[in-house]
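One letter stands for each residue in the lines below.
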Amino acid sequence: MAKKTKSKSTKSVKSVNSIETNEKMSKIISFAKRRGFVFPSSEIYGGFSSIYDYGPYGVELLNNIKKFWWKHMIQLRDNIIGLDSAIFMHPKIWEASGHVAGFSDPLAECKKCHFRFRVDTLLEELGFSADEKMSLGQIEKLFRKNIDKIKCSKCGSNEFTEIKKFNLLVQSNLGNFSSDFEKEPVYLRGETCQGIYVNYKNVLDSTRVKIPFGIAQIGKAFRNEITARQFIFRTREFEQMEMQYFVNPKSEMEEYEKLKEYRWQYYLDLGIKAKNLKWYKHKNLVFYAKEAYDIEYNFPFGFKELEGIHARGDYDLKQHSKFSGKDLSYTDATTSEKYIPHVIESSAGVGRTFLALMTEAYTEEKIDNDIRVVLKLLPELAPIKIAVFPLLKNKPELVKKASEIFNELRKLYMCEFDDNGNIGKRYRRQDEIGTPYCVTVDFDTLEKNEVTVRDRDTMKQEKIKIENLIDYFKLRI
Ligand code: GAP
């Protein structure tokens, strides 16, 4: 659990819930909808605030991000293994983790129109830090001191209720037939890592891992965010990719530095430019934390958190040991040293990575008097890897040959067949969704058994023999 606020640039008068956006953000939002990447949830019913659905190309990109992460975290590592724990967990877990008591944001309400907003983010936009170490009273004081700079974004009033703590855990009615329910409501998980901590012993007992080792998982998390903003950056339902690394207390900081380096390189490997990434060091650490850094990305609304990398000490396993009554200590088989492992966490959001990649990849290029929109994603991440076109739709021999090639390539890659419109338009449609290669079947194909392969970024075309096509793509995708 890590609720925090960072102090950023000072601004003058600020509207509550003022959405920092700019042209690029608006373009990405409308592009994402128009080209089937992201849809607002329940749109035909008027929408459902702060929840989004991923469309046909969006789900491909989302899956590719998750595959990329899984490969980096598990496949390429000797000592990290996967897990898929359930969304519903024993209610005591959220008490042990501190979420029931402390996972909250300070909330105020406009007295006139009853609009609710997060006070810490508002103060942050004014240039003040209202972190979790501050009491509600201190936040209230800071808020009132600056009240002349604050107005309700909905009605313009500056009369607000007292600030209160608003818990972010989402409750369910699972098990509400049981008498325990009143005492202990069941929550939808607020973060995926608790499922890792409570399975730490199962993993240790059922595999051959030895400390240091990590457990990684990808899954949904739910938070009652007060003001969810900036498109898919902050939503109430989202996916996390989390890895908890269990280490000997003596090597905690050494392992922490290694993990920081590994995660930084991951974002470069994803195709993000170093100039769009930066480290943010947490100034006010929670009492158990040794060190906490975020990797921030330069979103269209500024540098914001993409991932947290935290050295958490023995807090998590100690708390679960205390609340469950189970011994979660580790005994080193070689040295017989016994200790509660310390945890180093890497926690990234799938949706935020998606938005970072869209921001990074969305490009407009001026060609003659036209604008070409290209999504310059790595081939590995692109929703469609290859598009296959017959040059002319009304030539059955071309359509037949193109279909044969398409059916072979689709066994290996996500491919799309398109015979609609002129070739230029078809190229542009594929450029927009980030397809790295287009294959065109023309009359030369019938005569010489070769196709034209066009590269998305350079727009260069080359002739490739059909029998060499698979090797050609294997080298590039
Ligand atoms: N286990 C630690 C943890 O959950 P966090 O900083 O609250 O820490 C980790 O969340 C990551 O999850 C963030 O860096 C972000 O990428 C993603 N995330 C958190 N809240 C989110 C939200 N409301 N919407 C989308 N992504 C979110």
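So, here is what we can say about the structure in this document. Along every chain, residues carry numbers that run from 1 in the direction the sequence is written. Thresholds applied to this predicted model are a pLDDT of at least 70 for local features of residues and 80 or more for the giving and counting of side-chain atom pairs; totals over whole chains, interfaces and linings are not thresholded and use all residues. For side-chain calculations, the full set of non-hydrogen atoms in the structure is used, while hydrogens and water are omitted.

Concerning the site of the ligand
Step number 1: Around the ligand lies a shell of 21 residues, among which E191, R223, E242, E305 and E345 are the nearest.
Step number 2: Here a polar contact is recorded for every N or O atom pair within 3.5 Å, except that within protein the pair must consist of a potential hydrogen donor and a potential acceptor, and residues adjacent in sequence are included only if both atoms are side-chain atoms. Within the side chain of E225, one N or O atom sits 2.8 Å away from a nitrogen atom of the ligand.
Step number 3: Interatomic distance of 2.5 Å between a side-chain N/O atom of E305 and an oxygen atom of the ligand.
Step number 4: Note on areas: Shrake-Rupley with a 1.4 Å probe; residue coverage comes only from the protein chains shown. Here the ligand has 550 Å² of accessible area as a free molecule, and 97% of this is covered by the chains.
Step number 5: Counting residues per element, the ones that place at least two in the shell around the ligand are strand 12 (237-247), strand 15 (302-311) and strand 18 (342-349).
Step number 6: Each residue is assigned to one class: nonpolar for Ala, Val, Leu, Ile, Met, Phe, Trp, Tyr, Cys and Pro, charged for Asp, Glu, Lys and Arg, and polar for all the others, Gly among them. Grouping the constituent residues of the shell around the ligand by class yields six nonpolar, five polar and 10 charged. Whether a residue is near a molecule or strand depends on its heavy atoms: if one lies within 4 Å, it is near. Secondary structure follows DSSP: runs of H or I at least 4 residues long count as helices, runs of E at least 2 residues long count as strands, and numbering of each begins at the N terminus.

Structural notes on the pairing of strand 5 (residues 104-109)
Step number 1: Each residue is placed in one exposure class: buried if its accessible area under a 1.4 Å probe, protein chains only, is under 20% of its type's maximum, exposed if it is over 50%, and partly exposed if it falls in between. Most of strand 5 is tucked away, with six of its six residues classed as buried.
Step number 2: Burial along strand 5 is two-sided: S104, P106 and A108 and D105, L107 and E109, pointing in opposite directions, are all buried.
Step number 3: Relative to strand 8 (residues 164-167), strand 5 runs antiparallel, the two sharing four bridges. Following the sheet pairing, S104 is matched in strand 8 by N167. We treat two strands as partners when DSSP finds at least two bridges between them.

Here we look at the packing of helix 1 (residues 23-34) against helix 11 (residues 350-361)
Step number 1: Axis separation between helix 1 and helix 11 bottoms out at 11 Å; the angle between their running directions is 110°. Judged by the inter-axis angle, helix 1 sits roughly perpendicular to helix 11. Facing helix 1, whose interface residues are K24, M25, I28, F31 and A32, helix 11 presents L355, M358 and T359.
Step number 2: Partitioning the contact of helix 1 with helix 11 into residue classes produces six nonpolar, one polar and one charged. Orientation is described by lines fitted to C-alpha atoms, with helices fitted over the stretch in contact, and by angles between N-to-C directions that extend from 0 to 180 degrees. Every angle not falling under 35 degrees, over 145, or within 65 to 115 is termed oblique; those three ranges are roughly parallel, roughly antiparallel and roughly perpendicular. For this analysis, residues touch if any pair of their heavy atoms sits within 4.5 Å.

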